[in-house]
Amino acid sequence: MENQTGVAEEVRASAAGVAGLCYENIGERAQAIEHLKLAIQLAPQQANSYLALAFLFEKAQKFDAAIEVLEQGRARLPQSLEFLLPLGGNLVSAARYPAGIEVLKELLGKVPNV
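Residues numbered from 1 in each chain as written. Predicted model: local features only at pLDDT ≥ 70, side-chain atom pairs only at ≥ 80, totals over all residues. Heavy atoms only, no water.

Visitor: Please explain helix H4 (residues 63–76) as it appears in this structure.
Guide: Every α-helix carries 3.6 residues per turn, so stepping three or four residues along brings you back to the same face. Helix length check: H4 (14 residues) gives 20 Å between terminal C-alpha atoms against 20 Å at 1.5 Å per residue, within 8%. All of the buried residues in H4 are Phe 63, Ala 66, Ile 67, Val 69, Leu 70 and Gly 73. For H4, the arc enclosing every buried residue in end-on projection is 165 degrees, short of the 170-degree limit, so these residues lie on one face. (Helix = DSSP H or I, 4+ residues; strand = E, 2+ residues; numbered from the N terminus. Expected span 1.5 Å × (residues − 1). Buried < 20%, exposed > 50% of the residue type's maximum accessible area, 1.4 Å probe, protein only. Arc of directions from axis to C-beta.)

Right, here's the structure in full:
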């Protein structure tokens, strides 16, 4: 029964995330933010919800809010490299250059040469 609850939360989180993206596409930013936050609350282990919410804040030039979301995602999923590039970019956009450079250097150090 516990596993079913976990699956149900994942499904609800996915539905909330998709709804958030739909709201964003029709210009309902407040609803989009609300649904993406719900997706994170329901399934905090899914990186895509953090990334979508951060991108929404970035588009609105709310860089500090984007940074906060990306840092939360990074703290929850420390092995994920997905947060580093948008985090570095938002830090630079927020004129937090030294911190942005450090995050981007960290990313470069973790990505193998191709």
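Visitor: Sorry if this is basic, but what is going on with the packing of helix H2 (residues 29–42) against helix H3 (residues 47–59) here?
Guide: Helix packing for two helices is described by the angle between their axes and how far apart those axes are. Here H2 crosses H3 at 155 degrees, and the two axes come no closer than 9 Å. Between H2 and H3, the crossing angle belongs to the class labelled roughly antiparallel. For H2 against H3, the interelement crossing comes out left-handed. Residues Arg 29, Ala 32, Ile 33, Leu 36, Lys 37, Ala 39 and Ile 40 of H2 pack against Ser 49, Tyr 50, Ala 52, Leu 53, Leu 56 and Phe 57 of H3. Residues that form the contact of H2 with H3 fall into these classes: 10 nonpolar, 1 polar and 2 charged. (Axes fitted to C-alpha atoms, helices over the stretch in contact; angles between N-to-C directions. Parallel < 35°, antiparallel > 145°, perpendicular 65-115°, else oblique. Left-handed = near helix turned anticlockwise from the far one by under 90°. Contact = heavy atoms within 4.5 Å. Nonpolar A, V, L, I, M, F, W, Y, C, P; charged D, E, K, R; others polar.)

Visitor: Looking at this structure, how should I read the environment of Leu 108?
Guide: Inspection of the secondary structure assignment puts Leu 108 in helix H6 (residues 97–110). Spatially, the C-alpha atoms of Leu 108 and Leu 85 are 9.6 Å apart, while their sequence positions differ by 23 residues.

Visitor: Sorry, what's going on with the side chain of Asn 90 here?
Guide: When you line up the elements, Asn 90 lands in helix H5 (residues 84–93). A relative accessible area of 1% places Asn 90 in the buried class. Setting aside residues no more than four positions away along its own chain, Asn 90 makes contact with Glu 58, Phe 63, Ala 66, Ile 67 and Leu 70.

Visitor: How do you make sense of a nonpolar patch on the surface when you look at a structure like this?
Guide: On the surface, a nonpolar cluster with roughly 270 Å² of combined accessible area is contributed by Val 92, Tyr 97 and Ile 101. With respect to the helices and strands, the residue Tyr 97 is situated in helix H6. (Patch = residues over 30% accessible without salt bridge, like charges linked within 9 Å, V, L, I, M, F, W, Y side chains within 5 Å. Areas by Shrake-Rupley, 256 points an atom, 1.4 Å probe, with all protein chains shown as cover. Salt bridge = Lys/Arg side-chain N within 4 Å of Asp/Glu carboxyl O.)

Visitor: I would appreciate a short explanation of the nonpolar core in the present structure.
Guide: Within soluble globular proteins, side chains that are nonpolar generally end up buried alongside one another. Counting residues in each nonpolar core, the largest one holds 22 residues, and the members touching the most others are Leu 53, Leu 56, Phe 57, Val 69, Phe 83 and Leu 87. Secondary-structure elements contributing two or more residues to this core are H2, H3, H4, H5 and H6. The dominant element in this core, judged by the number of residues it contributes, is H3, at 7 residues. The contacts of Phe 57, once residues within four sequence positions are left out, are Ile 33, Lys 62, Ala 65, Ala 66 and Val 69. (Core = buried A, V, L, I, M, F, W, Y, C linked by side-chain atoms within 4.5 Å.)

Visitor: What is the right way to look at the pattern of salt bridges in this model?
Guide: A side chain of one charge can pair with a side chain of the opposite charge if their charged atoms are brought near each other. Here the structure, examined in full by the defined rule, presents 6 salt bridges. Here Asp 64 ties to Arg 96 by a salt bridge, and the two come within 3.5 Å at their closest N and O atoms. Pair noted here: Asp 64 is in helix H4 and Arg 96 is in the loop between H5 and H6, with a separation of 32 residues, a long-range link. Overall, the relative accessible area of 36% leaves Arg 96 in the partly exposed class.

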